[in-house]
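Structural features, examined
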Amino acid sequence: MTRTGAWVSAVIVAAAVVLPGLLIAVTGGSPAAALRALIQGSLGDATAVSQTLLYAAPLLLVAVGACCSARSGAFNIGQEGQVLIGALAGAAAGLRLAVPGPALLVVVLLAAALAAGAWAWLSALMNRLRGVDIAVSTLLMTFLAQQVVAFAVTTPWLLQESRLGAAAALPQSNKLPSRALLGSLGDHPGLQLNLGLAVGIVVAVLVAVALDRTRWGFRLTMAGLNPAAARHAGISVTAVGGIALTVSGALAGLAGAVLLTSPLSTNRLQPDISINIGWDGLLVALVARNRPLLAIPIAGLFAVLRAGGNFLAATGVPPYLVDVVKALLTLAFVAPAVLRRRSVIA
Amino acid sequence: MAPEPALRLRGITKRYGAVVACDGVDLTLERGEIHGLLGENGAGKSTLMRILLGLETQDSGAIDRDGRAVTITGPRQAAALGISMVHQHFSLVDPLAVWENVALGQSGPVRRAAVRAGVRAAAERYGLAIDPDARVGSLSAGERQRVELLKCLRRDPAVLIMDEPTSVLTRAESAELFAVLRRVVAAEHRAVVLISHKLAEITTATDRVTVIRAGRVVLRRATAATTEAELAREMVGREVTLGAAVGVLPHAPAPAAPASSQAALRLRGLTTRPGLDDLCLTVHAGEIVGLYGAEGNGQKSLGDVLSGLTVPDAGTVEVAGAPVDLRRPGALSAAGLGIVPEDRHHAGVVLDLSVAENLVMTRLGDVSGRVFVDRRRLRRRARALADEYGITAPSLDSPLRTLSGGNQQRVVLARELSGRPRVLVAAQPSRGLDVGAVEDLYARLRRCASDGIAVLVISTELEEILALTTRVATIFRGRIVGELPTAQADAERLGLLTGGAA
Ligand SMILES: Nc1ncnc2c1ncn2[C@@H]1O[C@H](COP(=O)(O)OP(=O)(O)OP(=O)(O)O)[C@@H](O)[C@H]1O
Ligand SMILES: [Mg+2]
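Quick caveat: nothing in here was measured; it's all calculated off a predicted structure. (Residues numbered from 1 in each chain as written. Chains lettered and ligands numbered in written order. Predicted model: local features only at pLDDT ≥ 70, side-chain atom pairs only at ≥ 80, totals over all residues. Heavy atoms only, no water.)

Quick look at the layout of surface pockets
In plain terms, the rule: Two kinds of site are reported from a 1 Å grid over the protein atoms alone, namely cavities, where a 1.4 Å probe fits but cannot get out, and pockets, open sets with protein on both sides within 12 Å along at least five of seven lines, and residues are called lining when an atom falls within 4 Å of a point. Grid points are joined across faces, edges and corners, and a volume is the space filled by probe spheres set on the points. Numbered from the N terminus, helices here are DSSP runs of H or I no shorter than four residues, and strands are runs of E no shorter than two. Nonpolar residues are Ala, Val, Leu, Ile, Met, Phe, Trp, Tyr, Cys and Pro. Charged residues are Asp, Glu, Lys and Arg, and all others, Gly as well, are polar. Those domain boundaries reflect an automatic or database domain assignment.
Looking at the second largest pocket, its volume works out to about 820 Å³. Elements supplying a minimum of two residues to the lining of the second largest pocket: helix H5 (103–130), helix H6 (134–154), helix H8 (215–225), helix H9 (227–232) and helix H10 (237–261) of chain A together with helix H10 (331–335), strand E16 (337–340) and helix H14 (405–418) of chain B. Among the elements that line the lining of the second largest pocket, the one with the most residues is H10(A), at six residues. Tallied by class, the residues present in the lining of the second largest pocket amount to 22 nonpolar, 18 polar and ten charged. Per-domain counts for the lining of the second largest pocket show at least three residues from each of domain 2 (243–336 + 421–502) and domain 3 (349–419) of chain B.

Here's what the structure looks like:
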């Protein structure tokens with residue numbers, strides 16, 4: 001990192017710490033108490049840590065997928081929608097398919113990944129056939145995904161919950177059977193290590209190996225860095241980008257299934273089940289500079305902010321302050337790289 | 001009292017890890033002079049200039065501008081100090097128009113009409129014909145160079161740095177450029193630094209010359225008091241046979257293997273719009289054919305077709321008698337066609353991948369199994385190529401970006417020549433190479449031909465064509481307008497042919 005770059009980072013990190021503190025003080029709270037609450041809520045005890053780890057899993061999955069697509073040059077920014085589609089497909093599979101035993105969980109996860117992968121692939125297709133910009137179409141498809149999920153959970157013959165008696169049905173699906181849910185790893189008093197995180201870490205390692213060690217990863221990286229040189233080397237840039245986009249969609253979909261089947265949700269499909277994990281995961285990848293292994297600790301950091309932020313909100317501090325911190329931290333990591341690139345061009 | 005020099009560098013040192021790019025360099029730049037800067041590939045010329053522009057910070061040493069010590073923190077500030085540079089590699093934005101590119105570097109509001117008028121006026125004043133509305137992506141290298149120069153001159157710099165500006169220009173274009181530079185120093189009293197690997201240019205176009213070797217100044221002299229032979233000797237540190245650098249290479253030796261009758265490369269009716277117009281050309285195994293013509297007559301389009309970057313509107317490419325499906329990525333390379341593209345930053349290299357990866361990237365299969373890339377095999381092969389082609393790099397794992405311009409070119413050459421192709425297309429292959437490397441390149445190309453490879457050299461340099469080829473075809477407006485054995489070719493005949501007179 002250049003010297004100016006380091007300075008810029010330091011200043012922004014300082015701002016990330018000081019600015020929210022100021023805001024809290026101005027609104028009449030105590031910054032120190034808020035910080036304590038943030039840490040208490042995310043790392044304070046076994047329950048808090050469990051909560052943080054729960055958040056880390058889907059964040060990591062989304063981020064690892066984003067690493068793939070960003071590296072290939074096919075920028076996917078529609079993860080929020082892909083998470084939703086994943087949750088939708090996972091719910092449909094879990095509620096409709098008569099798969100016996102815990103195999104149902106596997107089917108739910110696979111269905112989510114497949115559906116969201118196909119969803120993202122549509123953007124690659126539009127790009128290929130009509131030259132539609134991938135960033136734009138993945139983003140717009142997010143709004144479509146929100147409509148689709150809202151429709152599904154308000155339409156009785158689709159996924160809306162069945163109600164006995166007179167009570168009106170809510171816009172949500174039935175609860176998934178417990179054999180389709182992600183369990184905890186091992187048995188620790190108070191501490192829950194949800195299987196979702198294991199899935200996330202395994203996927204991160206696999207993708208890291210694929211990107212850095214395989215021919216596929218080499219081609220993908222090359223296509224992203226210099227499409228012309230890649231074509232010259234015999235690589236079909238559109239095909240490689242399409243695959244990367246599909247993989248990234250599939251991993252976002254997997255994140256959606258993890259949300260659906262872990263204690264982060266009520267294990268019902270609800271329109272807001274994605275809780276902005278898609279957007280945050282994108283930030284994780286950005287801060288991790290598209291490196292899946294680096295995304296593991298960064299996802300942890302963002303999970304801390306999320307779990308702590310929820311706790312903080314319970315103490316009366318406006319929750320958007322946590323978003324301010326998140327945004328500033330992201331900037332702190334991203335700004336130096338952008339600045340450096342600019343000075344090279346000038 | 002003599003006026004203070006425009007720029008004085010004292011003891012500039014810059015290290016990159018173990019590499020000492022500049023080692024206590026002293027350099028004085030007077031107003032109203034063109035100062036030549038010479039040195040082998042990787043000697044540290046560009047690094048020194050980047051320090052002047054504030055793109056790098058020296059580890060030690062000082063810079064005086066008009067006698068006052070200055071610290072240069074970036075290009076903005078360098079511009080404010082009146083220092084401006086045309087980089088070794090183009091820094092233009094392809095999808096934008098010429099005037100937009102010119103406006104990019106300036107601060108403050110941009111007024112389209114004013115900028116366009118400014119471009120026209122400057123173009124007029126310096127004799128740099130260019131259409132302000134043309135899209136930069138469609139321009140030839142020579143035209144792009146003009147845009148770069150205009151961009152600089154519009155900032156009204158007191159010190160103008162030109163890093164290998166002529167490597168992409170024809171001889172006539174270079175002469176024009178020197179005339180412009182002369183006007184700039186004589187009438188407008190600016191100072192110019194000119195970096196070039198062509199000794200003849202240094203001796204004709206500069207007033208004083210500084211030679212650096214491995215980061216140190218080894219010679220500083222008035223140009224009139226030196227000779228090309230001395231400059232070459234100082235550059236490499238030993239006696240050298242002057243060849244390519246001064247354009248007195250012996251005539252191409254007769255090909256070792258007589259050109260066989262088998263056509264290794266056959267281009268039939270290639271047409272791209274714009275660019276090529278029904279181009280037909282045949283290259284036999286074992287011969288070196290030159291494609292000669294002024295920049296901008298379709299060479300770039302031909303290179304793009306042969307790199308697999310564009311699919312022609314009409315026409316076919318046959319390698320060893322079999323037509324190649326140009327729509328399939330990598331089909332040409334699979335058919336055995338290797339190419340050294342003209343603009344290596346565009347399609348030749350990936351700047352952010354390592355040197356080793358760049359050395360193997362078109363032949364990944366050779367260093368990997370079905371799924372995994374074998375890092376050890378990759379490194380071994382890269383090491384062998386780097387040694388064979390004399391590539392100096394901080395390390396094989398450093399990004400290609402950190403190599404000097406000439407060493408980047410060597411990477412492309414090493415990769416494409418070592419691929420044992422059936423057909424080798426080399427577009428402006430000696431661009432950016434130092435004297436020694438050019439001779440080495442020529443020897444290698446000749447060896448390729450005698451090994452039975454069909455070699456097509458696309459070049460705008462007459463000396464290169466005459467020195468290297470056995471047959472020369474001339475290109476004009478996307479067509480082949482003449483063809484003759486090199487033995488019968490001379491400047492005049494080729495000049496007539498490339499003027500489209502044939
Ligand atoms: N960012 C960097 N990191 C490491 N090494 C570098 C970096 N930039 C330049 N170098 C090294 O410094 C040395 C000098 O490079 P420089 O580009 O100044 O050479 P040059 O004289 O311009 O050569 P050429 O004629 O090939 O353009 C080279 O060995 C190069 O590899
Ligand atoms: Mg250089």
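Notes on the packing of aromatic side chains
Quick reminder of the rule: Put simply, two rings from Phe, Tyr or Trp (the six-membered ring, in Trp's case) pair if the centres are within 6.5 Å, and we call them stacked under 30 degrees between planes, edge-to-face over 60, tilted for the rest. Any Lys NZ or Arg CZ that is within 6 Å of a ring centre and within 35 degrees of that ring's normal is treated as a charge sitting over the ring.
A complete count under the given rule lists zero aromatic pairs over all chains for this structure. The ring of B:Tyr389 carries the charged tip of B:Arg444 above its face, separated from the ring centre by 3.9 Å.

As for a nonpolar patch on the surface
Where we set the bar: Only residues whose relative accessible area exceeds 30% and that form no salt bridge are eligible for patches; like-charged ones are grouped when within 9 Å, while nonpolar side chains (Val, Leu, Ile, Met, Phe, Trp, Tyr) are grouped when within 5 Å. The accessible surface values rely on the Shrake-Rupley method and a 1.4 Å probe; as for residues, cover is taken only from the protein chains in view. Salt bridge, as used here, is a side-chain nitrogen of Lys or Arg placed within 4 Å of a carboxyl oxygen of Asp or Glu. Using a 1.4 Å probe on the protein chains alone, a residue whose accessible area is under 20% of its type maximum counts as buried, one over 50% counts as exposed, and one in between counts as partly exposed.
Among the surface-exposed residues, A:Ile201, A:Val205, A:Val209, A:Leu293, B:Val371 and B:Phe372 lie close enough to one another that they form a single nonpolar patch of about 480 Å² accessible area. For A:Leu293, the position within the fold is in helix H12 (residues 292–314). Looking at A:Leu293, the relative accessible area reads 48%, which means it is partly exposed.

Some points on the site of ligand 1
Residues and elements named next belong to chain B. Put simply, the rule is: The rule for a residue being near a molecule or strand is that one of its heavy atoms must lie within 4 Å of it. Whenever two N or O atoms come within 3.5 Å, that pair is a polar contact, provided that in protein one can donate a hydrogen and the other can accept it, and provided that, for residues adjacent in sequence, both atoms are side-chain atoms.
In the vicinity of ligand 1 there are 21 residues, among which Gly42, Ser46, Thr47, Ser404 and Gly406 approach most closely. Between ligand 1 and Gly42 there is a distance of 2.7 Å, counted from an oxygen atom to a backbone nitrogen or oxygen. In the environment of ligand 1, an oxygen atom lies 2.6 Å from a nitrogen or oxygen atom belonging to the backbone of Gly406. For ligand 1, whose unbound accessible area comes to 640 Å², protein coverage reaches 90%. For the shell around ligand 1, the elements supplying multiple residues, two or more each, are strand E2 (19–29), helix H1 (45–52) and H14. Here the shell around ligand 1 gets four residues from one element, more than from any other, and that element is H1. Split by domain, the residues of the shell around ligand 1 number at least three in each of domain 1 (7–242) and domain 3 (349–419).

Digging into the UniProt feature "transmembrane region" (unreviewed entry) in chain A
Residues and elements named next belong to chain A. Our working rule: UniProt positions are given in the numbering used here, feature names are shortened, and annotations may be inferred rather than shown by experiment.
Feature annotation in UniProt assigns "transmembrane region" (unreviewed entry) to the following positions: residues 53–70, 82–99, 105–122, 134–153, 191–211, 232–261 and 320–339. End C-alpha atoms of residues 82–99 are separated by 24 Å, and the span's content is 83% helix alongside 0% strand. The straight-line gap between the two end C-alpha atoms of residues 105–122 is 26 Å; of that span, 100% is helix and 0% is strand.

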